[in-house]
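Single-letter residue listing:
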Amino acid sequence: MPNIHQNLVGKQFGHLTVLRDSGRRGQNNAVIWECLCDCGRHSFVTTGSLNSGQTKSCGHPSLKALHKAVAKHVAETPGTNYALLNSKKPVTNTSGEKNISIVYRNGRKRYRVAVTYKKKQHNAMCETMEEAIAIREDLREIYWPNYKK
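Residues numbered from 1 in each chain as written. Predicted model: local features only at pLDDT ≥ 70, side-chain atom pairs only at ≥ 80, totals over all residues. Heavy atoms only, no water.

A closer look at helix H3 (residues 129-143)
- Compared with the 21 Å implied by 1.5 Å per residue over 15 residues, the 21 Å span of H3 between its first and last C-alpha is a close match.
- Buried within H3 we find Met129, Ala132, Arg136, Glu137, Leu139 and Arg140. For H3, the arc enclosing every buried residue in end-on projection is 165°, short of the 170-degree limit, so these residues lie on one face. For H3, the exposed residues lying more than 90 degrees away from the buried face are Glu130 and Ile142.
- Looking at the buried side of H3, the elements it contacts are strand E5 (100-105), strand E6 (108-117) and strand E7 (120-126). (Helix = DSSP H or I, 4+ residues; strand = E, 2+ residues; numbered from the N terminus. Expected span 1.5 Å × (residues − 1). Buried < 20%, exposed > 50% of the residue type's maximum accessible area, 1.4 Å probe, protein only. Arc of directions from axis to C-beta. Contact = heavy atoms within 4.5 Å.)

With respect to the packing of aromatic side chains
- On inspection of all chains with the given rule, the structure shows 0 aromatic pairs.
- Directly above the aromatic system of Phe44 lies the positively charged group of Arg24, at a separation of 4.7 Å from the ring centroid. (Phe/Tyr/Trp six-rings, centres within 6.5 Å; stacked < 30°, edge-to-face > 60°. Lys NZ or Arg CZ within 6 Å of the ring centre and 35° of its normal.)

Let's talk about the pattern of salt bridges
- One pass over the structure, following the stated rule, counts 6 salt bridges.
- Taking the shortest distance from any N to any O, the salt bridge between Glu127 and Arg108 comes out at 3.0 Å. One end of the pair, Glu127, is in the loop between E7 and H3; the other, Arg108, is in strand E6, and 19 residues separate them in sequence.
- Its relative accessible area of 40% is what places Glu127 among the partly exposed residues.
- By relative accessible area, Arg108 is classed as partly exposed at 43%.
- With a closest N to O distance of 3.2 Å, Arg136 and Glu137 form a salt bridge. Each member of the pair, Arg136 as well as Glu137, carries the same accessibility label: buried. (Salt bridge = Lys/Arg side-chain N within 4 Å of Asp/Glu carboxyl O.)

Section: the pairing of strand E2 (residues 16-25)
- Bridge count for strand E1 (residues 12-13) against E2 is 2 bridges, and the pairing is antiparallel. Within the sheet, the bridge partner assigned to Gln12 lies in E2 and is Thr17.
- Remark: 2 residues form the turn of the hairpin made by E1 and E2, two consecutive strands paired antiparallel; Gly14 in that turn has positive phi of roughly 65°.
- Sheet analysis places E2 next to strand E3 (residues 31-37), joined by 6 bridges and oriented antiparallel. Bridge pairing in E3 places Arg25 opposite Val31. (Pairing = 2+ DSSP bridges.)

The quantities given are spatial measurements derived from coordinates; they are silent on function.
This is the structure in structure tokens:
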């Protein structure tokens, strides 16, 4: 049986150092600890997540990896969401192309192109996939000026 009354204050788990019991409780009355990451951010993590190794940082290493992966696609453009620039398609993608979805309007199959810039979505509807890809590239050039094909 695990020790539910552990005192983790001062212990190091990956990049996180436990500062104190936050006074909050999670699911099944689990203690939520306030932790300080190496990067200076505070995060709140349960005992189980720390002990199991599930949480090792505030998330900064994965953010750095994302920025590094995106750097090959774009020089920094203020207002551009880096997650939208990678080549990975969302799991819900049905068209096989990034930023393009298939919709049915009035019984006809159409292609919807959507590019987001500064929290505003710019989109267009077209009849063929080739036309949709061309429009997507035009929208990327307009709204993502440093985007590299």
